[in-house]
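Fold and contact review
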Amino acid sequence: MNIAVEIGAYGVRSTVQHEGKTELAHLGDSLSPYLIPPQAFVTKKGDLVVGQLAELSDITQGDRIFLDEMMPTDARVVEVYTELFAFIKRRISTLYKQPISSVTMVVPPYYKSVDPRKNNILEAWKCNEISAVGFISSDVSVCYKCLNLSPGECALVFDVGHNGTILSIVKRDGNQFQTACCRYISGIGGRAFRNFIYSDIEEQSQLQAPAMQLYQVQNIDKISHAIMEALSSQESVVADVPFTAAYRYSISRQNFQEMIAKPLEKVLNESLVCVKDAGESIDKIQQIVLTGGCSQIPYIRQLLGVFFNTGNAVGKKIIVPANIESAMFNACRGAFIIQSKTTSTLKF
């Protein structure tokens, strides 16, 4: 049985190729069946925990590790990966009652072919008795899933994630899609957008009642995230916030758009640099693909349409995932399409 795995800031996810079908792997619990938190937890005794238990662990009793932020030089990095992959292997093997024969790791396009993080991953899978491990760039995989480019055509991929935004130019060269250029803009993504709401909650509450104070920062963080998600489908949101006194916070979609407009303008300008660095011109970009955990924010789609189609004789098609599930899993699904069309999953 073949599986694809992606470790993202919004969660660890996997797809399974089973009986000729590609299915989402049930890694999580009833509240989030297909995702597990991208975290590990090291207790004061040195025990290592992954999955939902890592997120629920008391931060005063150990240290939390964010998987997508780990670097090759970090202490226990291979051990953390090994425990994570053991968890995934147990869940999938138990569910499908079959052993895993090969793994495709979906990684960001800024991973190079000799990136030491890949060696950490390979070693961790070998510790789990799986040596058939390949790597595929997430932008290439998404394009295999979502696009039908002709030879020589290019697409511009906007991956607006949690910690930042990845811009990349994907070009079809013969029968393969390849990354021609990519740029990573750190700090412009879901975390920053959520923090804008968090700051607004603090500011507005102090205007109404200066004596009020937050009593659980983590809860406010989760509420800010929930508000951001709700604004993707609602024109305004009203939420009760746990302060020392009763407080009800409200925000409109228009207000939220004004908060994120300036950072997104920077991303759009950076995309032009990415096109130039790839040796292409905007005229040669046939399609624009929006993906990532923030792809459901309507304002981002609106900005892309205005920025790239205003003044152009031929409008560019903007591909948007139908829902958050598609946004999160298209790259993993695309990995199996690549396997069926090529002999190798290593495409850097």
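Note that residues are indexed from 1 along each chain, following the sequence as it is written. This being a predicted model, a pLDDT of at least 70 is required before a residue's local features are given, and a value of 80 or more before pairs of side-chain atoms are given or counted; all residues contribute to the totals for chains, interfaces and linings. In computing side-chain values, all of the structure's heavy atoms are included and hydrogens and water are not.

1. What to know about the overall build of the chain
Looking only at helices and strands, the chain features nine helices and 15 strands. To get the radius of gyration, use the C-alpha atoms; to get the globule rule, take the number of residues to the power 0.38 and multiply by 2.2 Å. For the chain, whose C-alpha radius of gyration is 21 Å, the value lies close to the compact-globule estimate of 20 Å for 348 residues. With respect to the principal axes defined by its C-alpha atoms, the chain has extents near 65 × 60 × 35 Å. For the chain, the proportion of its 348 residues judged to be buried stands at 51%. The contacts in the chain between residues at least 6 apart in sequence include a share of 64% that link residues at least 24 apart. Each accessible area is a Shrake-Rupley result for a 1.4 Å probe, and residues are judged covered by the shown protein chains and nothing else. Entry remark: accessible area of the chain is about 16300 Å², with carbon and sulfur atoms responsible for 50%. Only DSSP runs of H or I covering at least 4 residues are called helices, and only runs of E covering at least 2 are called strands; the numbering of each starts at the N terminus. Only protein chains enter the accessibility calculation, which uses a 1.4 Å probe; a residue is then buried when its area is under 20% of its type maximum, exposed when over 50%, and partly exposed in between. Residue contacts are defined here by distance: any two heavy atoms, one from each residue, within 4.5 Å place the two residues in contact.

2. Remarks on the environment of D159
Checked against the element boundaries, D159 lands in strand β9 (residues 154-160). Residues D159 and G189, spaced 30 residues apart in sequence, show a C-alpha to C-alpha distance of 9.3 Å. The residues touching D159, leaving out its near neighbours within four places in the chain, are S138, G164, T165, I166, T291 and G292.

3. Focus on the nonpolar core
Note on terminology: a nonpolar core comprises buried Ala, Val, Leu, Ile, Met, Phe, Trp, Tyr and Cys residues joined through side-chain atoms within 4.5 Å. Core analysis: the biggest nonpolar cluster contains 44 residues, and F158, F193, I227 and F256 have the highest contact counts within it. Element by element, the count of residues in this core is highest for helix α7 (residues 253-277), at eight residues. Ignoring anything within four residues of it in the chain, the contact list for I227 reads I197, I201, V237, A239, Y249 and I251. Core analysis: the next-biggest nonpolar cluster, separate from the first, contains 37 residues, A40, V42, M70 and W125 among them.

4. Things to note about the environment of I201
For I201, the location among the structural elements is in helix α5 (residues 190-208). Exposure remark for I201: the relative accessible area of 0% places this residue in the buried category. The spatial distance from the C-alpha of I201 to the C-alpha of A261 is 19 Å, given a sequence separation of 60 residues.

5. Observations concerning the sheet that holds strand β4 (residues 39-43)
We call two strands paired when DSSP finds no fewer than two bridges between them. Strands sit in the order β5-β4-β6 across an open sheet of three strands; the sheet is antiparallel. Strands with a single pairing partner mark the edges of an open sheet, and in this sheet they are β5 (48-50) and β6 (62-66). On average, adjacent strands in this sheet sit at an angle of 25 degrees to one another, irrespective of strand direction. Where β4 meets β5, three bridges bridge the pair, whose relative direction is antiparallel. Bridge pairing in β5 places F41 opposite V49. Comment: axis = line fitted to C-alpha atoms, over the contacting stretch for helices; angle = value between 0 and 180 degrees taken between N-to-C directions. The sheet contacts of helix α2 (residues 77-96) involve β4, β5 and β6, and relative to β5 the element is tilted by about 45 degrees.

6. Digging into the sheet that holds β9
If you walk across this open sheet you meet the five strands as β11-β10-β9-β14-β15, and the pairing is mixed. Pairing within the sheet leaves two strands with one partner each, and these edge strands are β11 (176-186) and β15 (317-319). This sheet shows a mean twist of 20 degrees between the axes of neighbouring strands, independent of strand direction. Two strands pair when backbone bridges link them, and β9 and strand β14 (residues 285-291) are joined in this way by six bridges, in the parallel orientation.

7. Section: α2
To estimate the expected span of a helix, count its residues, drop one, and scale the result by 1.5 Å. In this model α2 runs 29 Å from its N-terminal to its C-terminal C-alpha over 20 residues, within 8% of the 28 Å that 1.5 Å per residue would give. In the segment just after α2, K97 is the residue with positive phi, at about 55 degrees.

8. Regarding the environment of R172
The residue R172 is located in strand β10 (residues 164-173) in this model. Sequence separation between R172 and E153 is 19 residues, and the spatial gap between their C-alpha atoms is 5.8 Å. When near neighbours in sequence (up to four residues on either side) are disregarded, R172 contacts L149, S150, P151, G152, E153 and F177.

9. Things to note about the confidence of the model for the chain
What pLDDT expresses is the predictor's confidence in each residue, scored from 0 to 100. Residues at a pLDDT of 70 or more form 90% of the chain, whose mean pLDDT is 86. Ranking the helices and strands of the chain by mean pLDDT puts α7 first, with 96, and helix α9 (residues 324-341) last, with 80. Predicted confidence is poor over residues 343-348, with pLDDT under 50, and the contacts of this stretch with residues over four places away or in other chains come to 21 contacts.

10. Some points on the pairing of β11
Each regular strand shows side chains that alternate between the opposite faces of the sheet. By the bridge criterion, ten bridges tie β10 to β11 in an arrangement that is antiparallel. What sits directly across from K171, in β11, is Q178. Remark: two residues form the turn of the hairpin made by β10 and β11, two consecutive strands paired antiparallel; G174 in that turn has positive phi of roughly 70 degrees.

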